[in-house]
Amino acid sequence: MKLGGGWVWRLLFLSSLAVAAMASSDEPSEADVLDGDGDMRLDEEEMQVLMADDDEEEEAMVTDEEQFDEDKDGDETSENDANVTFQVTYKTPVPTGDVYFAETFDDGSLDRWQPSKTTKEDADDEIAKYDGKWMVEPLKENKVPGDQGLVLKSRAKHHAIAAMLDKPFVFQDEPLVVQYEVNFQDGIDCGGAYIKLLSDSGSLSLEQFHDRTPYTIMFGPDKCGEDYKLHFIFRHKNPLNKDMEEKHAKRADVDLKKFYTDKKTHLYTLVLNPDNSYEMFIDQSSVSRGNLLYDMVPPVNPPKEIDDPNDSKPDDWDERAKIPDPEAVKPDDWDEDAPAKIEDPDALKPEGWLDDEPEFVSDPNAEKPEDWDEEMDGEWEAPQVPNPSCETAPGCGEWKRPMINNPQYKGKWKAPLIDNPNYQGVWKPRKMMNPEYFEDLQPFRMTPFKALGLELWSMTSDIYFDNFIITSHKEVADRWASDSWGLKKLVASANEPGIFSQLLMAAEERPWLWIIYILTVGLPVGLVVLFCWPKKPVDDYVYRRVDQPQSHIEEEEEEEEGGEADEEEKEAGAGEPAAGVTIICWCFNFAAVLSFTLIITAAFLFKAQDEGESQENNGQGDNQVGADNEEEEMEEEEEEEESEEIKTPERTLEDEVRVSCSVCLW
């Protein structure tokens, strides 16, 4: 069937849609840097400040990943500058409110920090020293010139470093907000990136900082094997015996694996409130929340009652809920000796069964080996082979009836079970008052702390830390993040691979996606080959026939008398019905657009999943715009339908195909 050249522009239209979708997915948003909850946004004024051309500030050129190669010469560098997609200006963040500690490392020094000079207890002498190296340097990838961080440089070594706060934090009526950045630049095999808030004690010495140094809170990521954790541990003081006990928060509510493997800078935040509530954030998206009184393990307050350790179960205590019926009697016809299988009495020996022929015979072609020693090896016997006489017979040897289940078999008789009249339930020891019981309704009132430290062991090097801040106001921490982590996120987003690269990466992690890709591409291609491949014209087929039927000649004469309109329709349609072709075109266009939509939608879903971004704050505005767009589309669709109804003149086959395909694509 001939469909004309209209398919060319339709395929070009689909290709243009794909290119537009890729371009839109690759373009970073320069106006907004949103967190998972929509708490942090760069408004227009802030973006203008970031985009300002200040010679005194350093600029970050955001290009493709290949354009960040430090080994390129000057000519290549100038060529890369010409391909810069956009520029962001970095300026060392300054806290906007009252803080207890703030560190950016942008000055390149560790004057404020004190590496530990002691050794780790209960460790071999070879690895007991805290001799792991620390350096201040920029990120390996997605770097922002002028921004530096603290990097753990050694692997398979103990690291310890700490810094004093500007002033001690005392748990009274103000919340505690702790926030910092971590980037596992080389991934992570086994190790942590958590921090410790060292307790305010008279004996605290940063040079002697080790694993047993008292701390108030430990917070941050940790991983070993396939166990991905986000620690929040606080040490609670028992008011009775004054012992310090570690209380662990419940596990995070989300899968943390991607934060350890994507080699991006992630923001970790802990908010602890005076009402004993806490919440943990990653990239400003909440991953866990709870209460110090109810969601810690072990609980802060012990139970009032405990089992009496001196209580024991009585000898006559009956815990059996069911017992055999003592009055039950085995029936007289119960045969416990009956076999489970018996010979089938109805079986008959097949005709032609060779009873006198053995199933196996000695191999007549076998010969005794020359080195066979009958004194040592015994009398030689030829190996056995299947009897060739049995190949054409139903069987050889002694015939035996097949075995079947014995209908009389009942097995060993057992008395049925009945409820135990003496059942007393499962025995439990009696309760007694807990002599160690206490009630602390304000576990937030923890031990004050005055230093921040990192005491880590890692099998992977180049773990990047940056932009520590401790404050009492979440807004201060959010503003600090927008001036620091927000720019890193913007740069990383700009350097992300395109949509097809993301699809390939997603298929590497989820091999089943290849099936969807093949179906998505193969479905429209198959329909094109099936329905739209050029076929032999009907006129050629008629030309090769020797005799034309008389009825066909009469139909041609009637068509010639039908007028010019019928003649044009005949030439355009080649004798084929327009309705069938229209349905085929509708089906093809629908399948093609559906396939295109599926693959583009899948790409955006995977991209949204990897970024972990929430759009709650933008929901209302987007919904309003979406509603307006839907109303406009509905009005346009109604106008299109009315115009289709008004157009009553007959169309040629090619017009039918073009209108149908255009409406479907629209």
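No experiment lies behind these values; they were computed from the predicted model shown.

(A) Looking closely at the nonpolar core. By size, the foremost hydrophobic cluster in this structure holds 64 residues, and its most contacted members are I217, F232, L454 and F465. For this core, the element with the highest residue contribution is strand 7 (residues 157-169), accounting for six residues. Each residue touching F465, except ones within four places of it in the same chain, is listed here: F105, W134, G149, L150, Y180, E181, V182, A193, L454 and L456. Judged by nonpolar contacts, the second largest core, of six residues, contains V88, Y90, L487 and V491.

(B) The arrangement of a negative patch on the surface in detail. Taken together, the side chains of E370, D371, D373, E375 and D377 make up a negatively charged region of the molecular surface. Mapped onto the elements, E370 comes out in the loop between strand 21 (360-362) and helix 5 (374-377).

(C) The state of the cysteines, seen in detail. Overall, the coordinates contain two disulfides when judged by the stated rule. Disulfide partner of C190: C224, at an S-S distance of 2.3 Å. Between C190 and C224 the sulfur-sulfur dihedral comes to about -90 degrees; the bridge is accordingly left-handed. Residue C190 is found in strand 9 (residues 190-192), and its partner C224 is found in strand 11 (residues 215-224); the two are separated by 34 residues along the sequence. The disulfide partner of C390 is C396, and the S-S distance across this bridge is 1.7 Å. What sets the handedness of the C390 and C396 disulfide is the S-S torsion sign, and at about -125 degrees it is left-handed. Comparing C390 with C396 shows no difference in burial state: the two are buried. Each bonded cysteine of the chain is numbered by sequence order, and under that numbering the disulfide pairs are 1-2, 3-4.

(D) Examining the packing of aromatic side chains more closely. Tallying each qualifying case throughout the model produces 18 aromatic pairs. Note on F169 and F449: the rings are 5.4 Å apart at their centroids and 20 degrees apart in plane angle, and the pair reads as stacked. Remark: F449 occurs in strand 26 (residues 449-458) and F169 occurs in strand 7; sequence separation between them is 280 residues. A ring pair is formed by Y180 and F219, whose centres lie 6.3 Å apart and whose planes are at 85 degrees; its orientation type is edge-to-face. Highlighted residues: Y180 in strand 8 (residues 176-184) and F219 in strand 11, separated in sequence by 39 residues. For the residue pair Y180 and F219, the accessibility class agrees, reading buried in each case.

Criteria and thresholds
- Residues numbered from 1 in each chain as written.
- Predicted model: local features only at pLDDT ≥ 70, side-chain atom pairs only at ≥ 80, totals over all residues.
- Heavy atoms only, no water.
- Core = buried A, V, L, I, M, F, W, Y, C linked by side-chain atoms within 4.5 Å.
- Buried < 20%, exposed > 50% of the residue type's maximum accessible area, 1.4 Å probe, protein only.
- Helix = DSSP H or I, 4+ residues; strand = E, 2+ residues; numbered from the N terminus.
- Contact = heavy atoms within 4.5 Å.
- Patch = residues over 30% accessible without salt bridge, like charges linked within 9 Å, V, L, I, M, F, W, Y side chains within 5 Å.
- Areas by Shrake-Rupley, 256 points an atom, 1.4 Å probe, with all protein chains shown as cover.
- Salt bridge = Lys/Arg side-chain N within 4 Å of Asp/Glu carboxyl O.
- Lys, Arg positive; Asp, Glu negative; His and termini not counted.
- Charge placed at Lys NZ, Arg CZ, Asp CG, Glu CD.
- Disulfide = S-S within 2.5 Å.
- Phe/Tyr/Trp six-rings, centres within 6.5 Å; stacked < 30°, edge-to-face > 60°.

Remember, this is a structural readout, not a statement about activity or role.
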